[in-house]
Amino acid sequence: MESAGDFSHMENGDSKALMGKESWNNGIRTAQNMSTSLMRKKSDPMLVSKVRFEMLRQCLANLQQVILGTKLAVLFPAIPLAIAADFYKFGRPWIFVLSLVGLTPLAERVSFLTEQIAYYTGPTVGGLLNATCGNATELIIALFALYQSKIHVLKYSLLGSILSNLLLVLGTSLLCGGLANLKKEQRYDRKQADVNSLLLLLGFLCHMLPLMFRYAAAPGIFVADSTLQLSRASSIVMLVAYIGYIFFQLKTHRQIFESQEEDGDEDEEKAVIGFWSAFSWLVGMTLIIALLSEYVVGTIEAASESWGISISFISIILIPIVGNAAEHAGAIIFAFKNKLDISLGVALGSATQISMFAVPLCVVVGWIMRIQMDLDFSLLETGCLALTILVVAFTLQDGTSHYMKGVILCLCYTAIAACFFVHKIPAPLDQTNVNLRLKPSSGFSA
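Residues numbered from 1 in each chain as written. Predicted model: local features only at pLDDT ≥ 70, side-chain atom pairs only at ≥ 80, totals over all residues. Heavy atoms only, no water.

Visitor: Can you walk me through the side chain of Ser 293 in this structure?
Guide: Checked against the element boundaries, Ser 293 lands in helix α13 (residues 275-307). Among the residues examined, Ser 293 registers a relative accessible area of 0% and is labelled buried. Those residues in contact with Ser 293, other than ones at most four positions away along the chain, are Leu 103, Thr 137, Ile 140, Ile 141 and Phe 144. (Helix = DSSP H or I, 4+ residues; strand = E, 2+ residues; numbered from the N terminus. Buried < 20%, exposed > 50% of the residue type's maximum accessible area, 1.4 Å probe, protein only. Contact = heavy atoms within 4.5 Å.)

Now the structure itself:
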């Protein structure tokens, strides 16, 4: 057990609390953590050092580090405004916008807090925390959509996160990096890209099987139960593969995923708040994310109707862009600095986490809740996912990059965005309320 002195060091963020443990910085620090770190700013300790009371000074210091320690702090007022808008029954589209804006700084702060906790727990637990909380915003939104039986919103939002990371984030990173380094050859390690590409292909296979199973069934045969069982079995396979990927990443081949530091010109980072403070802030912010996610899911239909924009476009395009803006901006900045390994780690790592962890987890949770959530994402959505993975795999096959690759990926994302902008079929993905008896006149045999 730790002594009281050691506990005090942990709580005050003293680096001595790390003695005897492998620090997070000496272990694996993922690309996601490094990308969001660019959104942070150093706080001036002199602002709170003159406070006389120790407990008050420590609370103010933590508040300064957590709330004011990010360049996105100007967006925090959107959180109380969203709560007030819901309390006073303002227009539901306003609640949707304010909640979505409020989620942006919270997503970055969750990454910061998990990194702070990792300084005390070591790289293995820190890596597991990052693997679980790396896309906490998208996962919580998906779980609330599942709880409210809005299966189409759930599937759209998770699909949008995958497409956004693979096409928009990776595309803009390659484009901006290529333009900023026209006279340099941009190279990256293909090993990490190959591992993530294989996992994405496995995830795509598991998505394709229920869809092909439905289309291959003979006319008049009821396939809903079989499709659901196949989806649950495939989800277990995906989760097992993701657990293997985490073990591969954190233990046996961690050198593949270690992010390159800033050329050694920066001081070694250390914890700035205590363990229990970071844990308490993480729990509190997760609860706020849950509240705002409930607002987003509950008002998305009203926003769609008010703006005349389809739910599919809002879920697939708008929510992923705003929800992970900080991480996306960090990836682009690293590409400007000719550090493509980090940019690829952000884009591919997040897409892999959503595809192989968030999606099958929602299926398993729906299974527990007796909600019929499956992996059948419909033909149009699955086709977009398939072509996206293939385009990205071909783009990354030679280990070099130039701006034209980024142009192609961005144009692919634009084309998909245009497709879902005009795609106004109401709730096409909600297979739970659809009778899947295939009739000869239904056109499925075509």
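Visitor: So what exactly am I meant to see when it comes to the packing of helix α10 (residues 190-216) against helix α11 (residues 224-252) here?
Guide: To describe two helices that pack against each other, one gives the angle between their axes and the distance between the axes. The geometry of α10 relative to α11 is characterised by a closest axis approach of 9 Å and an angle of 175° between their N-to-C directions. Classified by the interaxial angle, the pair formed by α10 and α11 is roughly antiparallel. Contacts between α10 and α11 involve Val 195, Asn 196, Leu 199, Leu 202, Gly 203, Cys 206, His 207, Leu 209, Pro 210 and Phe 213 from the former and Ser 226, Thr 227, Leu 230, Ser 231, Ser 234, Met 238, Ala 241, Tyr 245 and Phe 248 from the latter. The class makeup of the residues in the contact of α10 with α11 is 12 nonpolar, 7 polar and no charged. (Axes fitted to C-alpha atoms, helices over the stretch in contact; angles between N-to-C directions. Parallel < 35°, antiparallel > 145°, perpendicular 65-115°, else oblique. Nonpolar A, V, L, I, M, F, W, Y, C, P; charged D, E, K, R; others polar.)

Visitor: Just to check I follow, could you spell out the confidence of the model for the protein chain for this structure?
Guide: Detailed reading of the predicted coordinates is not advisable wherever pLDDT is low. Averaged over all residues, the pLDDT of the protein chain is 78; the fraction at 70 or higher stands at 76%. Element-level pLDDT for the protein chain is lowest in helix α1 (residues 4-12), with a mean of 45, against a maximum mean of 93 in helix α18 (residues 403-421). In this model, residues 1-27 is a region of pLDDT below 50 whose contacts with residues beyond four sequence positions or in other chains number 53 contacts. Counted against residues more than four places away or in other chains, residues 260-267, with its pLDDT under 50, gives 11 contacts. (pLDDT = per-residue confidence, 0-100.)

Visitor: Help me understand the environment of Asp 376, please; the structure alone is not making it clear to me.
Guide: Structurally, the position occupied by Asp 376 is in the loop between α16 (340-368) and α17 (379-395). Residues Asp 376 and Met 208, 168 residues apart in the sequence, show an inter-C-alpha distance of 7.4 Å. From its side chain, Asp 376 meets the backbone nitrogen of Ser 378 in a polar contact 3.1 Å long. (Polar contact = N/O pair within 3.5 Å; in protein donor to acceptor, adjacent residues only side chain to side chain.)

Visitor: What should I look at first to understand helix α14 (residues 311-323) in this one?
Guide: Owing to its 3.6 residues per turn, the α-helix brings residues three or four apart onto one side. For α14, a buried count of 10 out of 13 residues is recorded, marking the element as mostly surrounded by other parts of the structure. Buried residues of α14: Ile 311, Ser 312, Phe 313, Ile 314, Ser 315, Ile 316, Ile 317, Ile 319, Pro 320 and Gly 323, and no others.

Visitor: What exactly am I supposed to notice about the pattern of salt bridges here?
Guide: Oppositely charged side chains can form a pair if their charged atoms are brought close together. Under the defined criterion, the tally for this structure stands at 5 salt bridges. Put simply, Asp 376 and Arg 214 hold a salt bridge, and the shortest N to O gap is 2.6 Å. A residue pair is termed long-range when its members are at least 10 positions apart, and Asp 376 in the loop between α16 and α17 and Arg 214 in helix α10 qualify at 162 residues. Judged on exposure class, the residue Asp 376 and its partner Arg 214 are both buried. Its salt-bridge partner being Asp 398, residue Lys 405 comes within 2.7 Å of it at the nearest N-O pair. (Salt bridge = Lys/Arg side-chain N within 4 Å of Asp/Glu carboxyl O.)

Visitor: So what exactly am I meant to see when it comes to the packing of α10 against α16 here?
Guide: Across the interface, α10 lies against α16 with an axial gap of 10 Å and an inter-helix angle of 25°. Taken together, the axis directions place α10 and α16 in an arrangement best described as roughly parallel. Once α10 is placed against α16, the crossing between them reads as left-handed. The residues of α16 that touch α10, namely those facing Gln 192, Ala 193, Asn 196, Leu 199, Leu 200, Leu 202, Gly 203 and His 207, are Asp 341, Leu 344, Gly 345, Leu 348, Gly 349, Ala 351, Thr 352, Ser 355, Met 356 and Val 359. Across the contact of α10 with α16, the residue classes tally to 9 nonpolar, 8 polar and 1 charged. (Left-handed = near helix turned anticlockwise from the far one by under 90°.)

Visitor: I tried to follow the packing of aromatic side chains on my own but got confused; where do I start?
Guide: The geometry of an aromatic ring pair is captured by the separation of the ring centres together with the interplanar angle, meaning the angle of the planes. One pass over the structure, following the stated rule, counts 9 aromatic pairs. Among the aromatic residues, those joined into a ring-pair cluster are Phe 87, Tyr 88 and Phe 90. Note that Arg 109 overlies the ring of Phe 112, its terminal NZ or CZ placed 4.2 Å from the centroid. (Phe/Tyr/Trp six-rings, centres within 6.5 Å; stacked < 30°, edge-to-face > 60°. Lys NZ or Arg CZ within 6 Å of the ring centre and 35° of its normal.)

Visitor: Teacher, can you tell me more about unusual backbone geometry here?
Guide: Peptide bonds are trans in most cases, and residues, glycine excluded, mostly fall at negative phi. A positive phi angle, close to 60°, is found at Ser 149, a residue other than glycine. Inspection of the secondary structure assignment puts Ser 149 in the loop between α8 (136-147) and α9 (151-180). Of note in the backbone geometry, Arg 370 takes a positive phi value of approximately 60° without being a glycine. Here Arg 370 shows up in the loop between α16 and α17.

Visitor: Even after reading the chapter, I still don't get α17, so can you show me in this structure?
Guide: Its 17 residues place the ends of α17 24 Å apart at the C-alpha level, agreeing with the 24 Å of an ideal helix rising 1.5 Å per residue. Taken together, the buried positions of α17 are Glu 381, Thr 382, Cys 384, Leu 385, Ala 386, Thr 388, Ile 389, Val 392 and Thr 395. In this fold, the buried residues of α17 make contact with α9, α10, α16 and α18. (Expected span 1.5 Å × (residues − 1).)

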